[in-house]
Amino acid sequence: MISHDKQTGSIGVFDSGYGGLTILRQIRQYLPQYDYIYLGDNARAPYGPRSFEVIYNYTLQAVEALFERGCQLVILACNTASAKALRTIQERDLQKWNDGHRVLGVIRPTVEALGSITRSRHVGLLATPGTVDSHSYELELQKLYNDIRLTSVACPMWVALVEYGEFDSPGADYFIKKRIETVLRKDPAVDTLVLGCTHFPLLMEKITKYTPAGVRLVSQGEYVARSLVAYLERHEAMRTACTTGGTCQYLTTENADTFARTATIFLHKSIRKVEKIEL
């Protein structure tokens, strides 16, 4: 049931799985004073291979669940959801709620940052197949910087390497080296590589190992956090609607104990209480 009477609440952060915790961690470093609710739809992850319609429906269910818990601002800390559901939700579904509710994604802030990062104006994107196939990064670049050339390479195994804890395996070296070599072979002028999936920062040690000197790596968390700081500075009504108790709740559609154990890898700290919910 949709409720419209809650005027203040936590900032919601949603991902299909665990990767969005890397975004949450960075946001809380920049904005520790606010209350947060993180929701991972772990039971139905990964979203990447699913159709546009399914991803949109799942994302909308999650957004509405966070709205019903009092959030007026929800961050889609998931590239697939941002690519395939954000615009439709913003244009079609927010009207069901009062004017104070907003949903933001992770692609736009990342693209905005590229203008001041790349010097050659040649950028590589390493992302999931779903994000690459959506062409969302290309579309955002065309709006903001039509002089930047983007070369995208799908990395279908990288999320699995993270989810199964294979950070240091020889297989991780093989898959990471291969994809980085692919994007640089397609465009040797690339001087910036965007890690277009929130799982990928956990592979940073090996990504850095196989990235040539002079090529800058762009991890999304910092830029999404900075963008949120600027957004709240510009929107006083939203800033005052977000409560400031410094708390964080964790919700999952999977087993709560499993979530708590795995979340430790992404957050770099342990969490005590996780609530399992149904969407």
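Analysis parameters
The written sequence of each chain sets the order in which its residues are numbered from 1. The predicted nature of this model means local features are confined to residues of pLDDT at least 70 and side-chain atom pairs, given and counted, to a pLDDT of 80 or more, with totals for whole chains, interfaces and linings taken over all residues. Calculation of side-chain values draws on the structure's entire complement of heavy atoms; hydrogens and water are dropped beforehand. The term salt bridge refers to a side-chain nitrogen of Lys or Arg lying within 4 Å of a carboxyl oxygen of Asp or Glu. Put simply, DSSP H or I for four residues or longer makes a helix, DSSP E for two residues or longer makes a strand, and each gets a number counted from the N terminus. The rule is simple: take the accessible area with a 1.4 Å probe, protein chains only, and divide by the maximum for that residue type; under 20% is buried, over 50% is exposed, in between is partly exposed. Only strands joined by at least two bridges in the DSSP assignment are considered to pair. By the criterion used throughout, a crossover qualifies as right-handed when its path from the first strand across the helix to the second strand runs clockwise, the strands pointing away from the viewer. Buried residues of nine kinds, namely Ala, Val, Leu, Ile, Met, Phe, Trp, Tyr and Cys, make up a nonpolar core once their side-chain atoms join them within 4.5 Å. Contacts are assigned to residue pairs that have any heavy atoms within 4.5 Å of one another. Angles run from 0 to 180 degrees between N-to-C directions of axes, and those axes are lines fitted to C-alpha atoms, restricted for helices to the stretch in contact. Roughly parallel means an angle under 35 degrees; roughly antiparallel means over 145; roughly perpendicular covers 65 to 115; every other angle is labelled oblique. Left-handed describes a crossing whose near helix is turned anticlockwise from the far helix through less than a right angle; right-handed describes the clockwise counterpart. Lys, Arg, Asp and Glu make up the charged group, whereas Ala, Val, Leu, Ile, Met, Phe, Trp, Tyr, Cys and Pro make up the nonpolar group; the residues left over, Gly among them, are polar. Here the aromatic set is Phe, Tyr and Trp, taking the six-membered ring for Trp, and pairing holds for ring centres within 6.5 Å; pairs whose planes are under 30 degrees apart are stacked, those over 60 apart are edge-to-face, and all others are tilted. Either the NZ atom of lysine or the CZ atom of arginine qualifies as a charge over a ring when it sits within 6 Å of the ring centre and within 35 degrees of the ring normal.

S.K.: Go over the pattern of salt bridges with me, naming the residues and quoting the values.
M.R.: Per the stated rule, a full pass over the model turns up 13 salt bridges. For the salt bridge of Glu181 with Lys177, the shortest nitrogen-to-oxygen distance reads 2.6 Å. Pair noted here: Glu181 and Lys177 are both in helix H9 (residues 170-186), with a separation of four residues, about one helical turn. With relative accessibility at 38%, the residue Glu181 sits in the partly exposed group.

S.K.: Give me the sheet that holds strand E10 (residues 275-276): which residues, what numbers.
M.R.: The six strands are arranged E4-E3-E1-E2-E9-E10 in an open sheet whose pairing can be described as parallel. Each having just a single partner strand, strand E4 (102-104) and E10 make up the two edges of the open sheet. In this sheet, E4 lies alongside strand E3 (residues 73-76) in parallel orientation, the contact comprising three bridges. When the bridges of E4 are listed, Val74 appears paired with Val103.

S.K.: Tell me what's going on with the pairing of strand E7 (residues 192-196), and back it up with residues and numbers.
M.R.: Counting buried residues along E7, five of its five residues qualify, which places the element largely inside the surrounding structure. Here E7 shows a buried face lined by Thr192, Val194 and Gly196 and a second buried face lined by Leu193 and Leu195. Summarising the sheet, strand E5 (residues 122-127) and E7 pair through five bridges and their orientation is parallel. Bridged to Leu126 within E7 is Leu195. Strand direction decides the pairing type here: E7 and strand E8 (residues 216-219), joined by four bridges, are parallel. Its bridge partner lying in E8, Thr192 is registered against Arg216. Assessed by its sense of winding, the connection that carries the chain from E7 through helix H10 (residues 204-210) to E8 is right-handed.

S.K.: With reference to specific residues and values, describe the nonpolar core.
M.R.: Core analysis: the biggest nonpolar cluster contains 70 residues, and Leu21, Leu126, Trp158 and Tyr250 have the highest contact counts within it. Sorting elements by how many residues they give to this core places helix H11 (residues 220-234) first, with six residues. Dropping the residues within four chain positions of it, Trp158 is found in contact with Leu126, Phe175, Ile176, Arg179, Ile180, Phe200, Leu203 and Ile207. If you look at the next biggest cluster of nonpolar residues, it comprises 26 residues, including Leu39, Tyr47, Leu60 and Leu66.

S.K.: Can you tell me about the packing of helix H1 (residues 20-30) against H11, naming the residues and giving the values?
M.R.: If you want to describe how two helices pack, look at the angle between their axes and the distance between the axes. Close contact between H1 and H11 brings their axes to 8 Å; oriented N to C, the two are set at 45 degrees. Compared by their axis directions, H1 and H11 come out oblique. Relative to H11, H1 is oriented so that their crossing is right-handed. On H11, the residues that touch Ile23, Gln26, Ile27 and Tyr30 of H1 are Gln220, Gly221, Glu222, Val224, Ala225, Arg226, Leu228 and Val229. Grouping the constituent residues of the contact of H1 with H11 by class yields seven nonpolar, three polar and two charged.

S.K.: Tell me about H1, and name the residues and values.
M.R.: Within the span of H1, buried status applies to Gly20, Leu21, Thr22, Ile23, Leu24, Ile27 and Arg28. Looking at the buried residues of H1, the elements they touch are strand E1 (11-15), strand E2 (36-40), H11, strand E9 (248-252) and helix H13 (256-267).

S.K.: Outline the side chain of Thr118, listing residues and values.
M.R.: With respect to the secondary-structure elements, Thr118 resides in the loop between helix H5 (107-114) and E5. With relative accessibility at 4%, the residue Thr118 sits in the buried group.

S.K.: How would you explain the packing of aromatic side chains if you had to name every residue and give the values?
M.R.: Applying the stated criterion across every chain, the model contains nine aromatic pairs. Ring pairs connect the aromatic residues Tyr18, Tyr38, Tyr250, Phe259 and Phe266, which therefore count as one cluster. Its guanidinium or amino end placed over the ring of Tyr58, Arg44 lies 3.6 Å from that ring's centre, counting from NZ or CZ. We note Arg121 situated over the ring of Tyr145; from NZ or CZ to the ring centre the distance is 6.0 Å.

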